[in-house]
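# Summary of structural features
One letter stands for each residue in the lines below.
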Amino acid sequence: MSSVRVGSVAALRATARLVYLAVVAIALLIMGSECASSTSASKTQRPHIVFVLADDVGWNDIGYNQEMNVTTNFVIQTPFLDSLAREGVILENYYTQPLCSPSRSALMTGRLPFHTGIGPMIINLDKGYGLPPGEHTLAESLKDAGYATHIVGKWHLGFCDTRYLPTARGFDTWFGYSGCQQDYYTHYSSDVNPFIPTSLTVGYDLHNTTSETMASDGSTLVWPSSTYNMTYAPLLHFSEAVRIVKTHAETSKNTPLFLFLPLQSVHAPLQVPSKYMSLYQSMTSPSRKVYAGMTTCMDEGIGNVTNALKEVGLWNNTVFIFASDNGGAPWAGGNNYPLRGFKNSNWEGGVRVPAFISGGGANISKSLIGSKIHNLMHVTDWYPTVVEIAGSKPHENPLDGMSQLASITRGAPSPRTSVIINLSPANATQYYGAIIVGDWKLIIESSYFGSWAQNGTIQRPPASWNDPPTVPPPPGSYHGTWLFNIKDDPYETLNLASINTTKYDDLMRQFSELQSDPSVVPDLNTLYPTDNVSNPAGNPYDAWLPWSDLPNSTCTAWSEYDSGGIDEFVIKMTVVVAVGCILLSAGIAGAIALWINRNRFRRIMSTNKPGEGIALMSPPEHP
């Protein structure tokens, strides 16, 4: 039997130890860098993040934006929001989507609605779809970064299956409701337009879930209506938010907190406790009077949350963000004056909304505190911005948003020079949308919402405005096209489409290229008919509950569509690369060890005699 022989036992063991120690040292270096960054993060506590997303708050509904009022008769009192804004930075050129679900989808994913299928329409309660499973949410990214994540308020991103619920999309807990709007006292939601009161399907819609307690039968999803029936919803929401803050401080103070407050306020229906409405008895508009009281109640609740953060010692390390999901609705008391248009339109009043960043943990440059910055920003920018605040990285899905952290806290130029406000979904029958490029804005409207409102009264634009459009609409469009220089004309009074034809043609070309891009997907709302199985009358709780497991349900199966995420090939390649890196590191370590002991090996090999040493391997004998 032949054998392969090398050196002495002592030399072999010494070399083996060196190789082993070298591999371990490299592994420890790699692990050490991770531990160092983790230790550094724990020593320098990552900031807590509180994000308040108000519902339907218009441009002229916040105190700091009401400077143009001649008298205080119509000024809404928002002292806490005004104070927070003065302590931070007001985002003067912040844009969002025109409606609820598209805005929330854009915020949660950093991707535009026509890339996720959530828009331009909202998700009705009786529709069997939700935010596609391949979309990685802001909450998931923060949870991956070690944050405790909580949501209190309105979800509106699908719930037909429990896997669409907030607790399956990155949130540890959820207290709130799933639909567009609900009665503020009974907590019942309807599945249709509240302005069409026929054939309403209504159901209880107040949920309290955790990631550990989810059941499709609703037994752990819905609190009995008798528990909170006739308690004003914002009072419940803010009370829960304060409870979360205090509990977190008591049990998890060294863990960073992400508290997302997508408020019910101040969406219709117009309801508020009398003590808040009594502050506005001098207002002549009945709807504006109630709306003003609702806004002040919201402001007070936000004050309660920030005060709780201060009481438990978290405020100095908290980043506080406030924004509205879309423009105000004048038919329900909202006011965007002097901006033109309102909710569900591409005019400035529909998509340019109040927003600011504040808080002791925001690290805003002293020269910027209390100022208004005019850098262009879009709702999709919050995802990468907040992830950067948390010291983490966005998911692999391609983002439409851009991190604005340096811009809004240190005054750096905005990375954004354009905003796609809206595009027609791939299955649209009408051609519409809006884009902003530099100082220019192109609007192609499929529905005319070009009115403006002063003091709660909807009015047509003044006769001096160049309106209606002077340029014929493109093929497939409904009403027409407008071109504005929104730097010189922020109120969209002068249509330049037929005056500056060069700029008009340039923006129309850009819009057409964007519209024809294959990444534009259909609006999922149009693909799914009303699912009668969703009717709350079909369950013992008389409540809106996930219904995907019920017979004849059309709720989208979780695996049916996936607009992004890591596929199997990427996972396999990641494993291959990781194994390759380990083997390469071991090879390098072995080579280093052999080089260090090269002289010892030479001596061993020169003095070794046949038959001495240990046989490392004896090959099998062949017959």
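One structure accompanies this document, and this report is about it.

Rules behind the numbers
- Residues numbered from 1 in each chain as written.
- Predicted model: local features only at pLDDT ≥ 70, side-chain atom pairs only at ≥ 80, totals over all residues.
- Heavy atoms only, no water.
- Buried < 20%, exposed > 50% of the residue type's maximum accessible area, 1.4 Å probe, protein only.
- Helix = DSSP H or I, 4+ residues; strand = E, 2+ residues; numbered from the N terminus.
- Contact = heavy atoms within 4.5 Å.
- Salt bridge = Lys/Arg side-chain N within 4 Å of Asp/Glu carboxyl O.
- Phe/Tyr/Trp six-rings, centres within 6.5 Å; stacked < 30°, edge-to-face > 60°.
- Disulfide = S-S within 2.5 Å.
- Core = buried A, V, L, I, M, F, W, Y, C linked by side-chain atoms within 4.5 Å.
- Pairing = 2+ DSSP bridges.

For helix H3 (residues 100-109), the buried fraction is high: 10 of the 10 residues fall into the buried class. Inspection of H3 places Cys100, Ser101, Pro102, Ser103, Arg104, Ser105, Ala106, Leu107, Met108 and Thr109 among the buried residues, and these make up the whole buried set. Residues of H3 that are buried in the fold lie against strand E2 (48-54), helix H4 (113-116), helix H5 (138-144), strand E5 (148-154), strand E10 (257-262) and helix H11 (382-389).

Counted according to the given criterion, the structure contains 15 salt bridges. A salt bridge links Arg352 to Glu348, with the nearest nitrogen and oxygen atoms 3.9 Å apart. For the residue pair Arg352 and Glu348, the accessibility class agrees, reading buried in each case.

It is worth spelling out the packing of aromatic side chains at this point. Applying the stated criterion to the full structure yields 19 aromatic pairs. Geometrically, the ring pair formed by Tyr185 and Tyr232 is tilted, given 5.3 Å between the ring centres and 45° between the ring planes. Highlighted residues: Tyr185 in the loop between strand E6 (173-177) and strand E7 (188-190) and Tyr232 in the loop between helix H6 (225-228) and helix H7 (233-251), separated in sequence by 47 residues. Taking the relative accessible area as the measure of exposure, Tyr185 reaches 19% and is therefore buried. For Tyr232, a relative accessible area of 3% translates into the label buried. With centroids separated by 6.2 Å and ring planes inclined at 25°, the aromatic side chains of Phe320 and Phe356 adopt a geometry described as stacked. Of the two residues, Phe320 sits in strand E11 (residues 318-324) while Phe356 sits in strand E12 (residues 355-358), which places them 36 residues apart along the sequence. Neither Phe320 nor Phe356 differs from the other in exposure class; each is buried. These aromatic residues form a ring-pair network of at least three members: Phe51, Tyr94, Trp155, Phe171, Phe258, Phe260 and Trp382.

With that settled, the discussion passes to the state of the cysteines. All told, the structure shown has 1 disulfide when counted by the stated rule. In this model, Cys160 is linked to Cys555 through a disulfide, with the two sulfur atoms separated by 2.0 Å. Judged by the torsion about the S-S bond (60°), the Cys160/Cys555 disulfide is right-handed. One end of the pair, Cys160, is in the loop between E5 and E6; the other, Cys555, is in the loop between helix H13 (501-515) and helix H14 (568-596), and 395 residues separate them in sequence.

Take the nonpolar core next. If you look at soluble globular proteins, the nonpolar side chains tend to sit buried side by side. Counting 55 residues, the largest nonpolar core has Leu91, Tyr94, Phe258, Phe260 and Trp382 as its most contacted members. Excluding its chain neighbours within four sequence positions, the residues that come into contact with Trp382 are Phe51, Leu91, Tyr94, Leu107, Ile321, Met377, Val387 and Ile408. In terms of nonpolar packing, the next biggest core, distinct from the first, is built from 52 residues, Ile90, Val266, Ala292 and Phe356 among them.

With that out of the way, let us pick up the side chain of Asp161. Summarising the element assignment, Asp161 is placed in the loop between E5 and E6. Take Asp161: its relative accessible area is 7%, and that puts it in the buried class. If near-sequence neighbours (up to four positions away) are discounted, Asp161 is found in contact with Pro546, Ser548 and Cys555.

The next thing to look at is unusual backbone geometry. Going from Ser265 to Val266, the amide bond is cis rather than trans, its omega being 5°. Of note, Val266 is situated in the loop between E10 and helix H8 (274-277). For the bond from Ala268 to Pro269, the omega torsion is 5°, close enough to zero to count as cis. One non-glycine residue, Asp56, adopts positive backbone phi at about 65°. With respect to the helices and strands, Asp56 occurs in the loop between E2 and helix H2 (79-86). Looking at Asp56, the relative accessible area reads 4%, which means it is buried. Although it is not a glycine, His187 adopts a positive phi angle of roughly 65°. The buried category is assigned to His187, whose relative accessible area is 0%.

On to the pairing of E10. In terms of burial, E10 is a largely internal element, 6 of the 6 residues being buried. Judged by which residues are buried, E10 turns out to be covered on both faces: Leu257, Leu259 and Leu261 on one side and Phe258, Phe260 and Pro262 on the other are all buried. Pairing analysis gives 4 bridges linking E5 to E10, with the strands arranged parallel. Across the sheet, the residue bridging to Ala148 is Leu257, located in E10.

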